[in-house]
Amino acid sequence: MGKYQNHHLTPGHNACAGCGQLSAVQAVMRALTADTILVNATGCLEVTTTAHPQSAWQLPWLHSLFENAAPVASGIKAALKKKKRPTKVVIQAGDGGTYDIGLGLISGMWERGDEILYICYDTESYSNTGIQASGSTPWGANTVTTPTGKNSSGAQQNKKDMMSIALAHGLSYVAQSTAAFPDDISNKVKKALATPGPSYIQILTPCVPGWKIKTDETIKAARLAVQSGLYPLLEYVGGQLSASSINNNFQAQPVDNYLLMQGRYRHLKPKEIAQIQNIADKNLQIYKI
Amino acid sequence: MASNKHNQFLEGSRAISLTVANIQPDVISAYPITPQTHIVEDLAKFQADGQASYEYLRAESEFAAASIVLGASAAGGRVYSATSSQGLLLMMEVLYNAAGLRLPLVMTIANRAVGAPINIWNDHSDAMAMRDAGWIMLFAENHQEAVDWHVIAYKLAESLNIPVAINVDGFIITHSHENVIIPDKKTIKKYLPAYQPKLGTYLNSQQAITLGGFFTPEHYWQEKRQADADLKKSVNTITKAYRHWKKLLPSPIALKPRFDNGLVEYCGPSQPKTLIIAMGSMSGTIKEALRDQNQVGLLKIRSFRPFPGRDIARFAQHCQQLVIMEKATSSGAYGPLYSDVMAHVPQFKGVSSNHIVGLGGHDISVKIIHNIIKSSRQAGLRFW
Ligand SMILES: Cc1ncc(C[n+]2csc(CCOP(=O)(O)OP(=O)(O)O)c2C)c(N)n1
C-alpha cells in the first residue's frame, strides 16, 4: 500500500467491493492527524465500519443519529474549547444526511461559526437503505423511489446546489472533488483544516449497487464525472473560485460516456441525454473549466 | 455566582438557574419555549455578565440543543439543557440516543401540556412521552425540591452514566415565588467534584474509542438488558445521594413526612384507609386537602424512573382504597402512573381508581381533591 497506507481506518470494514465512498474516506484519512475527533452520520460508512464489538476506526469516533452530526460536532467543539483542547473535529456524512434531513442543522452549525470540517460523501442517493432518491439525486436518475416506468424516466427534480448553500453561509473554504482524485481530496482536506472557521467538502463517490456499475468501474465513473463537466473539481477560498479550479484548455468529454456506463441512466433517450449535456455545458461556463 | 445559604424569596426559574450556575457545567445549550424560558434566559445573562464561565450555545431548535449537549457530553463535558412540551417531543430521538450511549446529560423539563389543542399551561403529558427513553425522571413538588434535585441529578448522572430529567411543573413552579435556599459553589463542590470521566470512556485523542457503533441482534438485546438493570439498580444510588445531600443542605419543611427515601415521600396516618398517589406540585395541594382527613395519606412519587415499585407495594398493601391522581393520559388505556402502580401491587385487594387532573393547567382545588376522595370507593378512570 506504500504511500496510501494510513492508520486511521484499518482494513476489514464490510463495505461493498469497489465502494467509491470507502476509497474517498481513505484519501480523507491520509490528510488527518491523530489529534482529530470524527463524527459520523448514520449511513453506509457508519454501518460498514463499526459492527460491534469491532471497529475499523483508530481515531476517536462518534455516531449519534442520521441527521444530527452537525450539532453533535458543535457540542464536541464547545466542550473542547471549554477544556482548552485544540483537537480538530471532522464530520462525515452521506448526501441524504447532508442535502435532506440534516440540512437545517448544518445551517445552524455554520451560523455558529464552529471550526468544523464537514465532509459529504455524495453517492447521489440513500445508499444504505437501498438507493432511494435524495435531494442530491440528479435529474433522470433511476432510483427505487424515482423509478422509471411507463409514465416516468427517473428523477424529475434537479440536484440541489449544496455548494451554493455552503457559500451562502459565508464559509471560508468550500470544495468539491471525486473519488477518482485521492490526492486532490487529501490536499483539499488539509487546506480546509488550515482555514479558520467552518469548511465544507463534498466528494462524489460512485456507489456500485446504486449506480449499477461494475466493481472495477468506480474510479472510471468518478473520473468521467469530472471530465464531462458534470462534477468539476472546485475550490472556493474566501468565497472566490480559486485559480486551481480553472483550466482554460479543458477538453470536455460528452456526457454520454459518463451516463451510459451506469445502469441508473441506461433508460435515457437521446433528447434526455441532451438535457443533461446542457447541465454540463452550463457548468463549463460557470466554472470556466 | 452570588448566592448564599440563606432563605431567599425567588422565582422557581431563578432558583433553578442559580443552582445550575453554581454546579458549573461546561456547556449549556437550549431553545426557547414557554414556560422554560426564564431558566435559560437567566443562564445566558449570567454568562454575558461574566458571572459564569460555561460555553452557552444558541441552538436553532430543541433537536439541535439536545444534540449539542450530547456531543459536549461525549467529549467529556458537564452539560445542561432545559425544555418543555413540544420542545421535549422534538428532542425525542436524541433523548433515546443519549441514554443508549450512556451519556450523563442533565435537563430540566418545565412540564407543559402537548398540543393539539395548543396550550402553554402545566401538565405531565410531555414527561410521559419520554417515559421509556431510558432516563432517570425526577419530579419536584416545590422550589426547594427543584433546587435539590438539580444538584443530586448531576451526582446520579455522572456516577451512573444515565441521563437525568428533572420535572418541574410549568408556571406553578417556574413562575411562582417561594422561600428557597440556593446552595453555594463550595457546598456543591463538597458533594459533586469537578467532572472528569475516565480515559477510554469519552472522545479523547489519547485513547481512541468508537462510540455509537452498529449492534447486531446478538449484542443489541444485551446492551438493552444492561441499561434496564442499571436504571432499576439506581434506586439505591438515589436514596443514598438524596440523604447525603440533605445532610449537607438541610432545608426547613412545613410538614414533616412520616417517610422519605428520595424515591417516595409519605405523609399521613400510620395506617391509612385510603392512599393517594401523585407526583409534582399537586402534592402540596393534596397535603393541604388532607389536613382534615385522618384516614387518608399521600404517597408522593419523587422518582418516576426508576419506578419505586417496592416502596409503593409496601404502602399500598394494607389500604382499602388506592387513589392515583395524575396529570397525563394514555388515551385508550389507564393513565401511565396508574398502570405502573397497579403492575407493582399484585397483593392489593381493595378498590383502585385513576383520576386524571390538571390537564392543560386545569385547576386542582382542595374541593376537587375532597370529591375525588369521596368517589374513591368506585373503581375506574375519571377526568376532573
Ligand atoms: C430519522 C431517520 N430516518 C431515516 C433513517 C433511515 N436511514 C438510515 S441511513 C439512511 C440513508 C443514508 O443515506 P446517505 O446519507 O446518502 O448516506 P449513504 O448511506 O448513501 O452513505 C436512511 C434513510 C434513520 N436512520 N433515521
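The residue count restarts for each chain, going from 1 along the sequence in the order it is written. Lettering for chains starts from A, numbering for ligands starts from 1, and both go in the order in which the items are written. Two thresholds apply to this predicted model, a pLDDT of at least 70 for residue-level local features and 80 or more for giving and counting side-chain atom pairs, whereas whole-chain, interface and lining totals are computed over all residues. Hydrogens and water molecules were not included; the side-chain quantities draw on all heavy atoms of the structure.

### Focus on the overall build of chain B
The condition is simple: Numbering of helices and strands runs from the N terminus, with a helix taken as a DSSP run of H or I at least four residues long and a strand as a DSSP run of E at least two residues long. Only the C-alpha atoms count toward the radius of gyration. The rule for a globule is 2.2 Å times the residue count to the power 0.38. Exposure classes here rest on a 1.4 Å probe applied to the protein chains alone. A residue is buried below 20% of its type maximum, exposed above 50%, and partly exposed in between. Contacts are assigned to residue pairs with any non-hydrogen atoms lying within 4.5 Å of each other. Areas reported as accessible are Shrake-Rupley estimates using a 1.4 Å probe. Residue values count occlusion only from the protein chains shown. Positive charges come from Lys and Arg alone, negative charges from Asp and Glu alone, with His and the N- and C-terminal ends not counted. Positions of charges follow a simple convention, taking NZ of Lys, CZ of Arg, CG of Asp or CD of Glu.
Along the backbone of chain B there are 12 helices and 17 strands. Taking 2.2 N^0.38 as the reference for a compact globule, 384 residues should give roughly 21 Å; the C-alpha atoms of chain B span a radius of gyration of 20 Å, in line with that estimate. Considered along the principal axes of its C-alpha atoms, chain B spans approximately 65 × 55 × 40 Å. A buried classification covers 60% of the 384 residues belonging to chain B. In chain B, the proportion of contacts linking residues at least 24 apart, taken out of those at least 6 apart, comes to 77%. For chain B, the exposed area adds up to about 15,300 Å²; of that, 53% sits on carbon and sulfur atoms. When the 38 basic and 31 acidic side-chain charges of chain B are each reduced to a single mean position, those positions are 8 Å apart.

### Things to note about the sheet that holds strand β15 (residues 321–326) of chain B
All names here are of chain B. What counts is decided by this rule: The criterion for strand pairing is that DSSP finds at least two bridges linking the strands in question. Geometry is summarised by axes, namely lines fitted to C-alpha atoms with helices restricted to the contacting stretch, and by angles between N-to-C directions that run from 0 to 180 degrees.
Read across the sheet, 7 strands follow the order β10-β11-β13-β12-β15-β16-β17 without closing on themselves; strand pairing throughout is mixed. At either end of the open sheet lies a strand with only one pairing partner, and these are β10 (259–260) and β17 (380–383). Two strands pair when backbone bridges link them, and strand β16 (residues 351–356) and β17 are joined in this way by 4 bridges, in the parallel orientation. Among the inter-strand pairings, asparagine 354 is bridged to a residue of β17, identified as leucine 381. Contacts from helix α11 (residues 336–343) reach β12 (274–279), β13 (296–301), β15 and β16 within the one sheet, and its direction differs from that of β15 by about 145 degrees.

### Remarks on the packing of aromatic side chains
Our working definition: Classification of ring pairs uses Phe, Tyr and Trp, with its six-membered ring standing for Trp, and accepts pairs whose centres are within 6.5 Å; under 30 degrees between planes counts as stacked, over 60 as edge-to-face, and the remaining range as tilted.
Applying the stated rule across the entire model yields 12 aromatic pairs over all chains. Taking the centre distance of 5.5 Å and the plane angle of 75 degrees together, the rings of tryptophan 110 of chain A and tyrosine 200 of chain A count as edge-to-face. In this pair, tryptophan 110 of chain A is assigned in helix α5 (residues 103–112) and tyrosine 200 of chain A in strand β8 (residues 199–204), connecting sequence segments 90 residues apart. Each member of the pair, tryptophan 110 of chain A as well as tyrosine 200 of chain A, carries the same accessibility label: buried. With a centroid separation of 5.9 Å and an interplanar angle of 90 degrees, the aromatic rings of phenylalanine 304 of chain B and phenylalanine 307 of chain B are classed as edge-to-face. Grouping residues by exposure puts phenylalanine 304 of chain B and phenylalanine 307 of chain B together as buried. Within the aromatic cluster, the residues linked to one another by ring pairs are Trp110, Tyr118 and Tyr200 of chain A.

### Here we look at the packing of helix α3 (residues 69–82) of chain A against helix α3 (residues 62–74) of chain B
The test is simple: Should an angle fall under 35 degrees it is taken as roughly parallel, and over 145 as roughly antiparallel, whereas 65 to 115 is taken as roughly perpendicular and any remaining angle as oblique. By the definition used in this description, the sense in which the near helix is turned from the far one sets the handedness, with an anticlockwise turn below a right angle giving left-handed and a clockwise turn giving right-handed. Polarity classes work like this: nonpolar for Ala, Val, Leu, Ile, Met, Phe, Trp, Tyr, Cys and Pro, charged for Asp, Glu, Lys and Arg, and polar for all others, with Gly in that last group.
With their axes 6 Å apart at the nearest point, α3 of chain A and α3 of chain B run at an angle of 45 degrees to one another. With respect to each other, α3 of chain A and α3 of chain B are oriented oblique. Judged by the twist between their axes, the crossing of α3 of chain A over α3 of chain B is right-handed. Taking contact as the criterion, the partners of Pro71, Val72, Ser74, Gly75, Ile76 and Ala79 of chain A in α3 of chain A are, on α3 of chain B, Ala64, Ser67, Ile68, Leu70, Gly71 and Ala72 of chain B. The residue makeup of the contact of α3 of chain A with α3 of chain B, split by class, is 8 nonpolar, 4 polar and no charged.

### Considerations on empty space enclosed by the protein
Put simply, the rule reads: Here a cavity is any set of points on a 1 Å grid over the protein atoms alone where a 1.4 Å probe fits but cannot get out, and a pocket is any open set with protein on both sides within 12 Å along at least 5 of 7 lines; a residue lines the site when it has an atom within 4 Å of a point. Grid points are joined across faces, edges and corners, and a volume is the space filled by probe spheres set on the points.
Tallying each qualifying case throughout the model produces 3 cavities of 30 Å³ or more. As a volume, the largest cavity reaches approximately 40 Å³. Forming the walls of the largest cavity are Gly108, Glu111 and Arg112 of chain A together with Arg58, Ala59 and Glu60 of chain B. Residues of the lining of the largest cavity, tallied by class, amount to 1 nonpolar, 1 polar and 4 charged.

### Looking at the pairing of β15 of chain B
All names here are of chain B. Filter applied, for reference: Seen with its strands pointing away from the viewer, a crossover is right-handed if its path from the first strand over the helix to the second goes clockwise.
Taking burial as the measure, the 6 residues of β15 include 6 buried ones, the bulk of the element. Burial along β15 is two-sided: the residues Gln321, Val323 and Met325 and Leu322, Ile324 and Glu326 are all buried. The pairing of β12 with β15 spans 4 bridges and is classified as parallel. From the neighbouring strand, leucine 275 faces β15, where its bridge partner is leucine 322. With 6 bridges joining them, β15 and β16 adopt parallel strand pairing. Looking at β16, one finds that valine 323 is bridged to serine 353. Once you follow β15 into α11 and on to β16, the crossover reads as right-handed.

### Details of unusual backbone geometry
Cis rather than trans, the peptide bond between histidine 52 of chain A and proline 53 of chain A has omega equal to 5 degrees. Of note, the bond from arginine 305 of chain B into proline 306 of chain B is cis; its omega dihedral lies within 30 degrees of zero at 0 degrees. On the secondary structure map, proline 306 of chain B appears in the loop between β14 (303–305) and α10 (309–316). Positive phi, close to 55 degrees, is recorded for lysine 84 of chain A, a residue that is not glycine. The residue lysine 84 of chain A is located in the loop between α3 and β3 (88–94) in this model.

### Brief notes about the pattern of salt bridges
Residues and elements named next belong to chain B. What counts, and what does not: In the sections that follow, a salt bridge refers to a side-chain nitrogen of Lys or Arg positioned within 4 Å of a carboxyl oxygen of Asp or Glu.
All told, the structure shown has 33 salt bridges over all chains when counted by the stated rule. Here lysine 45 and aspartate 49 are joined by a salt bridge, their closest N and O atoms 2.9 Å apart. A residue is classified by how much of its surface remains accessible, and lysine 45, at 48% relative accessible area, is partly exposed. We classify aspartate 49 as partly exposed; its relative accessible area is 41%. A salt bridge links arginine 305 to aspartate 340; the nearest nitrogen and oxygen atoms lie 3.0 Å apart. Within this pair, whereas arginine 305 is found in strand β14, its partner aspartate 340 is found in helix α11, the two being separated by 35 residues in sequence. Judged by relative accessible area, arginine 305 falls into the buried class, the value being 14%. When its relative accessible area of 14% is taken as the criterion, aspartate 340 is described as buried. Through salt bridges with shared partners, one network takes in Glu141, Glu145, Asp260, Glu265, Lys287, Lys300 and Arg302.

### Some words on the domain arrangement of chain B
Residues and elements named next belong to chain B. The following threshold applies: Note that the domain bounds were set by an automatic or database domain assignment. Each of two parts loses accessible area, computed with a 1.4 Å probe, when they are put together; buried area is these two losses added. Whenever a nitrogen or oxygen atom comes within 3.5 Å of another N or O atom, the pair is scored as a polar contact, on the condition that within protein one atom can donate a hydrogen and the other can accept it, and that pairs from neighbouring residues in sequence are kept only if both atoms are in side chains.
With domains assigned, chain B is organised as domain 1 (7–248) and domain 2 (259–383). Here the C-alpha centroids of domain 1 and domain 2 sit 26 Å apart. Across the interface of domain 1 and domain 2, roughly 2,300 Å² is buried in total on both sides, 56% from carbon and sulfur atoms. At the boundary of domain 1 with domain 2, the tally comes to 5 salt bridges. Between arginine 302 and glutamate 145 there is a salt bridge; the shortest N-O distance is 3.3 Å. Joining domain 1 to domain 2, the criterion identifies 19 residue pairs in polar contact (both at pLDDT 80 or more). Listing elements by their share of the side of domain 1 that touches domain 2, those giving two or more residues are α5 (125–129), β6 (136–139), α6 (143–160) and α8 (217–248). No other element matches the 9 residues that α8 contributes to the side of domain 1 that touches domain 2. Its residues assigned to classes, the side of domain 1 that touches domain 2 shows 16 nonpolar, 7 polar and 8 charged.

### Let's talk about the site of the ligand
This is how it is decided: In these notes, residues near a molecule or strand are those with any non-hydrogen atom within 4 Å of it.
Taken together, 18 residues are adjacent to the ligand, and Cys44, Gly96, Gly97, Ser127 and Asn128 of chain A come closest. At the site occupied by the ligand, nearby residues are drawn from chains A and B. Within the side chain of threonine 123 of chain A, an N or O atom sits 3.2 Å from an oxygen atom of the ligand. Within the backbone of serine 125 of chain A, an N or O atom sits 3.1 Å from an oxygen atom of the ligand. Coverage of the ligand by the protein amounts to 78% of the 590 Å² it exposes when considered alone. Counting residues per element, the shell around the ligand draws most heavily on helix α4 (residues 95–100) of chain A, at 3 residues. Split into classes, the residues belonging to the shell around the ligand amount to 4 nonpolar, 11 polar and 3 charged.

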